[in-house]
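# Understanding the architecture of this molecule
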Amino acid sequence: MLKSFFPMDRDEAFALAFLVAFSVFSFLPLWRSQELAGMAVFGWLMAALMVLSPALALFVFGRRGRLRKR
Amino acid sequence: MLVERTLVLLYFAACIGIGIAASRRVRGSGDEYWVAGRRVGTWVNAMAIMATLASGGSIIGVMGLAYSQGIPATLALFAGAVVGFPLASLLVARELRNFGRYTVTDFLAFRYPSQIVRTLVPILIVVAFTIYIVAQLKAAGITAETLLGIPFEHALTLATLVFVIYVSFGGMVAVTWTDVFQGVLMLVVVLGTGLWFLWEVGTPIELMRRATAAAPELGRVEHRPVASYLGYFAIWATAIPVIPHIVMRVFTARDAHGARLSLNLAMLAYSALILAAVFLIVPVGKLAFPDLADADQVFLKVMQSKFPAAVRGMAVAAVLAAVMSTTDALLLACSSSISHDLLGNVLREKASQRTIDAVRVGTAWGIGLLALYWAYSPPELISQFYTAGVGLLSGSLFVPVIAGLWWKKANRIGGVLALVTGALTYVLVHFQILPIGLAPILVSLAASALAMAAGGLLGTPESREMIEAIEKLHAP
């Protein structure tokens, strides 16, 4: 099955899986009613996703760039 | 009004000046005109990408939505686009940059050589983006009318002429330079305003506590079920990796690594812009103006009540900058769809360089004026139409592009089937001809993936040459 796909770097595959998993987790109905500092946890999770997703990708590409330079 | 109008006129003059300066560099070169010579640095590209994504909706719209429907629901809509950029950088940026052409149509027509792909993709892009441009022009007209006291039609005409001039003559070089200028302006105004309020109050948490104590609906999800936002989230998350005005930015980067970094740096800046707007400016607006009839006025009201004329002038320029930095990229993508994707082969074989240059400029003017004419009396639901337009592009292009880059069994018949099925399903479900109780984007992506799988598994396997060519695109 996996042979049908072009291979992906392990760190990048992990980042991709994390992004999908975090997005699915954030949309669970549970987070609608729970509140933190006056706002639904769903909102905080969305805000965290907006910062975490590009930061994680930058970390992965930055690490890859440093490894390549060595 | 004099200070505000002078600042806006200076801003317009700067944009035209940049366009004229860029026109000298791009004349006679497709590489310079469409992809700025493929040598845009990481930081410049990041700022240009941020400005391209941040439309009028990212300043006026985001605050209006947070004011009326609460912060969590608003963030759900905008987080989709932010997640789309890391996805783009992981799934398509390196490969498309290594491919080294001009447009997403170039890649699809190479991967699935077929007249249907070569014709249908540019038509879908032109239809979706013309609607998008009209929606943006409407936002520019309303803003200028409200804050500068200029009649809607005059404001619309002036803004359109300015960006058509610099796009048509300066191509991607002018779009990049103006986008950087516009992006900086947006960040300075929104982050500056947010930081000013932060300095006055203390911490964002304190500001949120005060605002949600006075208006608890600001922090709740009570207007629509979360599931209804999943569709919008999915549209933007899957559109970004394939939407032409963003993909063109990948082609302008110096190399694949630079393209990937710039996409994510852009999103950090964009997230800062959106989060400052909803966590710092909207709470102040909600406390000061709790009962606005038109929620979209909240940013403008805050600026009018708290800041002097010079800052207000910068705020108007920032809103116009947000509109124009998106519209110019859309116009260039539309223009490339016609003069490069549809007419490119004919022009390259039969026309002189001078004629090719004239067709590029003429196409940009044609689309710009058509959009202007439509924007004089836009349909009321135009802003919903443009999200649907983006959904149509995403539903039809996402699977063929991603499978074409990553699935070895993706073949010509699968690509054509996925493209046509995705587009058709999206239209049928969106207009409820096919009444399925799910977001059109989710249905069309699933249908497109099934069509790709059927074509790939049952059709003729792809040639060894094609597999090797795609393998080379994955090289670091």
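Scroll up a little and you will see the structure.
Residues numbered from 1 in each chain as written. Chains lettered and ligands numbered in written order. Predicted model: local features only at pLDDT ≥ 70, side-chain atom pairs only at ≥ 80, totals over all residues. Heavy atoms only, no water.

### A short note on the layout of surface pockets
Of the pockets and cavities examined, the second largest pocket occupies roughly 740 Å³. If you trace the second largest pocket, you find 27 residues lining it, with Val20 of chain A together with Leu87, Leu91, Thr238 and Phe398 of chain B closest to the centre. Elements with a contribution of two residues or more to the lining of the second largest pocket: helix 1 (10-26) of chain A together with helix 5 (71-99), helix 10 (226-239), helix 17 (382-406) and helix 19 (440-458) of chain B. With six residues, the single largest contributor to the lining of the second largest pocket is helix 19 of chain B. (1 Å grid on protein atoms, 1.4 Å probe; cavity = no way out; pocket = protein on both sides within 12 Å on 5 of 7 lines; lining within 4 Å. Points joined across faces, edges and corners; volume = space filled by probe spheres on them. Helix = DSSP H or I, 4+ residues; strand = E, 2+ residues; numbered from the N terminus.)

### A look at the packing of aromatic side chains
For the coordinates displayed, the defined rule picks out 14 aromatic pairs over all chains. Here Phe18 of chain A and Phe22 of chain A contribute two aromatic rings whose centre-to-centre distance is 5.7 Å and whose plane-to-plane angle is 50°, an arrangement assigned as tilted. Here Phe18 of chain A and its partner Phe22 of chain A are both found in helix 1, four residues apart, which amounts to about one turn of the helix. Of the residues examined, Phe22 of chain A reaches a relative accessible area of 15% and is grouped as buried. Site record: aromatic cluster; members linked through ring pairs are Trp196, Phe197, Trp199 and Phe307 of chain B. Residue placement shows Lys286 of chain B over the ring face of Tyr67 of chain B; its charged tip is 4.1 Å from the ring centre. (Phe/Tyr/Trp six-rings, centres within 6.5 Å; stacked < 30°, edge-to-face > 60°. Buried < 20%, exposed > 50% of the residue type's maximum accessible area, 1.4 Å probe, protein only. Lys NZ or Arg CZ within 6 Å of the ring centre and 35° of its normal.)

### Notes on the environment of Ala40 of chain A
Residue placement: Ala40 of chain A occurs in strand 2 (residues 39-40). On the accessibility criterion, Ala40 of chain A (1% relative accessible area) is buried. Separated by 23 residues in the primary sequence, Ala40 of chain A and Ala17 of chain A have C-alpha atoms spaced 25 Å apart. When near neighbours in sequence (up to four residues on either side) are disregarded, Ala40 of chain A contacts Trp31, Arg32, Gln34 and Glu35 of chain A together with Pro72, Gly219 and Val221 of chain B. (Contact = heavy atoms within 4.5 Å.)

### Remarks on the interface of chain A and chain B
It is common to give the size of an interface as the accessible area lost on bringing the parts into contact. At the interface, 35 residues of chain A touch 49 residues of chain B. In total, about 3,800 Å² of surface goes out of reach between chain A and chain B, with carbon and sulfur atoms giving 77% of it. When the buried area of chain A at its contact with chain B is split by residue, Phe6, Met50 and Phe61 of chain A rank highest and sum to 23% of it. For Glu35 of chain A, the salt bridge identified is with Arg220 of chain B, shortest N-O distance 3.3 Å. Top element by residues in the side of chain A that touches chain B is helix 2 (residues 41-69) of chain A. It accounts for 17 residues. Across the side of chain A that touches chain B, the residue classes break down as 23 nonpolar, six polar and six charged. (Buried area = accessible area lost by both parts, 1.4 Å probe. Salt bridge = Lys/Arg side-chain N within 4 Å of Asp/Glu carboxyl O. Nonpolar A, V, L, I, M, F, W, Y, C, P; charged D, E, K, R; others polar.)

### A word on the pattern of salt bridges
All names here are of chain B. Applying the stated rule across the entire model yields 12 salt bridges over all chains. Here Arg39 and Glu32 are joined by a salt bridge, their closest N and O atoms 3.0 Å apart. One salt bridge connects Arg249 with Asp179, and the closest N-O pair in it is separated by 3.7 Å. Placement of Arg249 in helix 11 (residues 244-252) and of Asp179 in helix 8 (residues 152-201) is noted, with a sequence separation of 70 residues between them. Judged by its relative accessible area of 0%, Asp179 is buried.

### What about the nonpolar core?
Ranked by internal contacts, the top residues of the largest apolar core, which has 198 residues, are Leu75, Phe129 and Phe299 of chain B. Setting aside chain neighbours within four positions, we find Leu75 of chain B in contact with Gly43, Met46, Ala47 and Met50 of chain A together with Ile274, Leu275, Val278 and Phe279 of chain B. (Core = buried A, V, L, I, M, F, W, Y, C linked by side-chain atoms within 4.5 Å.)

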